[in-house]
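# Structural overview
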Amino acid sequence: MMLKRQVLTSVATCAALLLMVYVSAYALALAQFPDQLDESSYSMLNKTRSLNASEQPHSRRVRESETDDDDVDPGDNIGIELDEIATCSDGLILPLWMPQRHLSAGDRALRGFIYFLLMIYLFVGVSIISDRFMAAIEAITSIERTVVMKTPSGEKKTMSVRIWNETVANLTLMALGSSAPEILLSVIEIYARDFESGDLGPGTIVGSAAYNLFVIIALCMVLIPTNEKRRIKHLRVFTVTAVFSVFAYIWLWIILSVSSPGIIEVWEGLLTLLFFPVTVLWAYIAERRLLVYKYMDKNYRVNKRGTVVTGEHDQVEMDPETAKSKNPAITFQSDSTAFDEARREYISLLAELRQKYPDADLEQLEMMAQEQMINRGSKSRAFYRIQATRKLIGSGNLMRKIQERAHSDLTEVKAQLHQIDDDEDDEPTRIYFEPGHYTVMENCGEFEVRVVRRGDISTYSTVEFETQDGTASAGSDYVGKRGIINFPPGVDEQRFKIEIIDDDIFEEDECFYIRLFNPSAHVNLTVPQIATIMILDDDHAGIFAFKESVIEVTESVGVYKLSVMRYSGARGTVIVPYWTEDGTAVSGKDFEPLSGELVFENNATEHFISIIILEESSYEKDVKFKVHIGEPRLAPDDTNKESFFNRFFAHHTGDRTHDEMLAQIKEVERKPIQDLTELERILLLSKPRNGELTTTHVRIRESQEFKATVDKLVAKANVSAVLGTSSWKEQFKDALTVVPADESEFDNDDDVEEVVPRCFDYISHFVCLFWKVMFAFVPPTDICRGYITFVVSIFIIGVLTAVIGDAASYFGCALNIKDSVTAICFVALGTSIPDTFASIIAAKQDESADNCIGNVTGSNAVNVFLGIGLAWSIASIYHMDRGTTFNVEPGTIGFAVALFCGEALIAISIMMYRRVSKSTGAELGGPKTLKWTHASILFALWVIYLLLSTLEAYDIIKI
């Protein structure tokens, strides 16, 4: 809200000051000194306001008197002349406010004020439809094509890349989107004046250029957060556009005052228009380092991820001092490397979010990472222009749409990776055990066996089962069983029980089997159709080992639980030490190092080691480390040991203590194996010991599903996707909804409370409701990739611009303000307000200064070459066809152009000085004193430009 107030206050102050000066001066002149204005004074005023009626029919303020001289009292000549001079001519679209004669000073002041409010409301409408226009441009420039690229390893990779080059898009469609009102106003004015020149269109272009270069850059310079600075990233492109922006106005001065003074010839108009593609082409050559640029010295930079890449001088990512100390290595940033960087950034975000939200599941983290990826992605000028407009009209910002887009992307990707087969019921019926292996204790009594049916379960099915001996025997180790399992329609599983026989005789682990056979018709038995049941003897301490020698885990697993098994007995409390050992996987980088002890309680057969797998910015990982278990030992305080050797030896040795038993075991261990008695052999088998697998290798690899998810989400992390609309329903919903402006400016701070609409949001919404609802009828950008939206939007902008031209002309007529002054002071300001907000938001959010001031010079050059060049080319060709000349008085326009060129050189010099200066080192921001000093100079240049241009327009100063 503070940002909004600062800019709104500054802009409103300028507009109010100018309006107050002109209204007060005119009202004072008519109210206090009417008798002192003679006919010659009004004739001179009329001459300065416009050309004669035959040369400029539309701008003519004087109408022929419809009263004969004989019918007019000579004493009324002065009053009649006053009314006649102040009379306005009809506009192109907006009807003339009648009557035009015998108006008092108060009437003219009131009309001027109403026309001023109308202009403001029309400017709001143009801003809102420009929102749609910029969204269409973003949709068009975001069109991608699929290409196959080779990685340095020779692997082919399919990627989607944008068709439009960023520099070309910024200087063509983006510049057209932000400058469409000025360009169209110039062209429409030529048509409205019967292809004669006017002051409103060219004056708006020159005035807008001055405001953009001086005021917008000054505001961006001082509104950068404290102790921050912004540098231009694409310096070569900025240099080209800066040179052409100054050259454009020098060229205007040449064709107006030097080449053919007062006459625009066809070749001059066409050459002016031709400079537009020349500017675009030259900027593209500079950006791609083609032609002469490839022979220039290359500079290098280290990006945020530590990669040395080619760059332009003093890139934003590095300070000049830091850049000198780096070892330059030539690494070209292709579309492939850019995609890899984005992928690494996504994985890094995921790791940060996992640490911040340890209890969140992977899908939630992926959605938050995708949301932040969209936020951090490079944003175009269109994004900030739309963001600024929505803040102004009570439509909120784009954060909510980004959240919705992130959720939509994740849902779509998951649906692609986990497609559910809806035709599963058509598959043949399958019956099998689930699971196919059971491990039970000898003293468990009985346990359940589960048989499942998959596929078509709508019919009745049966299958028989029977037990089969293995090392365990029916009757002594378990109770044999045979039977039929029935599956009624709709039932997909059945269970039955098997009884285990317990005894006091020590036995090693034994197993038996259960077999399925003889299924009913149309039923297939699939693996596992034989279940294995392992019986663990519960009379001894057990054997401890890992299940597998190599275990593969995914990098994104977070915490992996490694199983340690206990078999061949489960009596007593046993302690098993464990620890990790580095391999190609490094502790602290790939996993958290661990060491400790597992405590197996009495009858516990499995325990887990929780290993924390760390995620790093590595996409394709394949590293290993080891986990060991040490020699198990009985717990010292284990007094509840009802094992076989306790019961057996107690019968022969009486009340021998537990420690004495352990001492006896150690003594037996020292005897040769061939000298052991059967009792001693059983005693050794009863103590806890390790099995064969006391070491397992843990292999960390990327998950194929996770890899595919990352690739698809990164490819979709396009901020332009949130700018467009998909349906008219969405557009009308947005038009009728009041959304609060987010004050966090995309900082994603989860501690910030939810923002609710404020009074300013409701006021803005209801003031703009008419425009929002009307423009909701514009086709959505998803139709024909935004081309239809583009055409419809620019047509509406043209219509509104024509009405603005009429309103501005009536405004100046009512208050006796010349069109050139109205254009420079009012129209130019109104068309530049959205760009002001867009530049300030870009300055605060972007890491570079390209989007906030880098496009100012480009837009200024495009305005002249395309706006004035197109209009004057059309007019000169029209007059050539008629055998006449296209006359343009060089007076006010020539003076304003010359004045702007001189001040523009000063402004650009200030920015270049700030860039190379050690005290600032950037175009924007820096020390508080310096940035306010330089901003004040820029603002003073704008005030001087307005003052001198106005004084020259009224012939107060002569050229």
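Keep in mind the model is a prediction, meaning the values are calculated, not measured.

One broad rule of soluble globular proteins: the nonpolar side chains tend to lie buried together. In terms of nonpolar packing, the biggest core is built from 138 residues, with L213, Y249, I853, W872, F900, L924 and Y945 touching the most fellow members. When residues no more than four places from it in sequence are discounted, the contact partners of L924 are I217, C220, M221, I224, E228, K229, R230, A843, A849, C852, I853 and R914. Core analysis: the second largest hydrophobic core is formed by 24 residues, A541, F546, I613 and I700 among them.

Moving on: the sheet that holds strand 9 (residues 446-454). Spatial strand order, 12-9-7-14: 4 strands in an open sheet with mixed pairing. Here the strands that pair on one side only, and so sit at the sheet edges, are strand 12 (493-499) and strand 14 (523-525). When strand polarity is set aside, the average angle formed by the axes of neighbouring strands in this sheet is 25 degrees. Judged from the 7 bridges that link them, strand 9 and strand 12 form a sheet pairing that is antiparallel. Each bridged residue has a counterpart across the sheet, and for F447 the counterpart in strand 12 is I498.

Here we take up the sheet that holds strand 15 (residues 530-536). Ordered by their spatial adjacency, 5 strands build an open sheet running 8-15-13-10-11, and the pairing between neighbours is mixed. Two strands lie at the open edges of the sheet, namely strand 8 (437-441) and strand 11 (482-487), each paired on one side alone. With direction set aside, neighbouring strand axes in the sheet form an average angle of 25 degrees. Bridge count for strand 8 against strand 15 is 5 bridges, and the pairing is parallel. Across the sheet, Y438 pairs through a bridge with I533, a residue of strand 15.

On inspection of all chains with the given rule, the structure shows 29 aromatic pairs. Taking the centre distance of 6.4 Å and the plane angle of 65 degrees together, the rings of W872 and F886 count as edge-to-face. Of the two residues, W872 sits in helix 23 (residues 850-882) while F886 sits in strand 26 (residues 886-887), which places them 14 residues apart along the sequence. Look at W872 and you get buried, because its relative accessible area is 3%. Here the aromatic rings of F939 and W942 are separated by 5.7 Å at their centres, their planes lie at 55 degrees, and the arrangement is tilted.

Axis separation between helix 5 (residues 166-192) and helix 22 (residues 819-845) bottoms out at 8 Å; the angle between their running directions is 160 degrees. One finds that helix 5 runs roughly antiparallel with respect to helix 22. Helix-helix and strand crossings are classified by hand; for helix 5 and helix 22 the assignment is right-handed. In this structure, helix 5 uses S178, P181, E182 and L185 to contact helix 22, whose residues at the interface are V827, T831, S832 and D835. Class assignment for the residues of the contact of helix 5 with helix 22 results in 3 nonpolar, 3 polar and 2 charged.

A full pass over the atoms with the stated rule returns 17 salt bridges. Note that D819 and R193 form a salt bridge whose closest N and O atoms lie 3.1 Å from each other. Taken together, the residues D819 in helix 22 and R193 in the loop between helix 5 and helix 6 (200-223) connect sequence positions 626 residues apart. The same class applies to D819 as to R193, namely buried. A network of salt bridges, in which partner residues are shared, links E434, E448, R450, R454, D492, E493 and R495.

Cut-off values and rules
Residues numbered from 1 in each chain as written. Predicted model: local features only at pLDDT ≥ 70, side-chain atom pairs only at ≥ 80, totals over all residues. Heavy atoms only, no water. Core = buried A, V, L, I, M, F, W, Y, C linked by side-chain atoms within 4.5 Å. Buried < 20%, exposed > 50% of the residue type's maximum accessible area, 1.4 Å probe, protein only. Contact = heavy atoms within 4.5 Å. Pairing = 2+ DSSP bridges. Helix = DSSP H or I, 4+ residues; strand = E, 2+ residues; numbered from the N terminus. Axes fitted to C-alpha atoms, helices over the stretch in contact; angles between N-to-C directions. Phe/Tyr/Trp six-rings, centres within 6.5 Å; stacked < 30°, edge-to-face > 60°. Parallel < 35°, antiparallel > 145°, perpendicular 65-115°, else oblique. Left-handed = near helix turned anticlockwise from the far one by under 90°. Nonpolar A, V, L, I, M, F, W, Y, C, P; charged D, E, K, R; others polar. Salt bridge = Lys/Arg side-chain N within 4 Å of Asp/Glu carboxyl O.

As far as function goes, none of this settles anything; it's purely spatial.
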